[in-house]
Amino acid sequence: METSELLSLKQNGLVEVSGWDEDEIFFVERSELDWDEYAGKHVTLTRMLTEGSIIFVRPILPTAMHRANPIPYEAEFVGCSPEGHHQFRLNGVQPKFGREDFTVN
């Protein structure tokens, strides 16, 4: 694969990540969101999260007229960066209940 093709497969962007860390303390932190079609989406945070934590990721678009809505993801710990920060893979979250699961009177 040529270098130009490889570069087009990888992307990144600035995001705001929020949720509760492993000490159950609410946090908001800016991070780079890296993604490619093979490894998926990843963020690096200064704090550790409990395995399977749900976090909210909001794209930061400097030229946008309004703030983008946050998107929920399940965080999967994958390792630490050389600087000692925690790296997580972001897995999509599916609702546990659909409308058909509730009885309407």
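Notes on the structure follow. (Residues numbered from 1 in each chain as written. Predicted model: local features only at pLDDT ≥ 70, side-chain atom pairs only at ≥ 80, totals over all residues. Heavy atoms only, no water.)

To continue, consider the pairing of strand β5 (residues 71-80). Of the pairings in the sheet, the one linking strand β4 (residues 54-59) to β5 comprises four bridges and is antiparallel in character. Bridge assignment links Ile 54 to a residue of β5, and that residue is Glu 74. As paired strands, β5 and strand β6 (residues 86-92) are joined by seven bridges and run antiparallel to one another. When the bridges of β6 are listed, Glu 74 appears paired with Asn 91. Here β5 folds back onto β6, and the loop between the two strands holds five residues, one of which, Gly 84, carries a positive phi near 90 degrees. (Pairing = 2+ DSSP bridges. Helix = DSSP H or I, 4+ residues; strand = E, 2+ residues; numbered from the N terminus.)

Under the definition given, this model contains two aromatic pairs. Aromatic pair Trp 20 and Phe 26: ring centres 5.1 Å apart, planes at 65 degrees, arrangement edge-to-face. Under the relative-accessibility criterion, Trp 20 is labelled partly exposed at 46%. Aromatic pair Phe 77 and Phe 88: ring centres 5.8 Å apart, planes at 65 degrees, arrangement edge-to-face. You can see Phe 77 sitting in strand β5 and its partner Phe 88 sitting in strand β6, a full eleven residues away along the chain. (Phe/Tyr/Trp six-rings, centres within 6.5 Å; stacked < 30°, edge-to-face > 60°. Buried < 20%, exposed > 50% of the residue type's maximum accessible area, 1.4 Å probe, protein only.)

Everything listed here is a matter of coordinates, which is why it stays silent on function.
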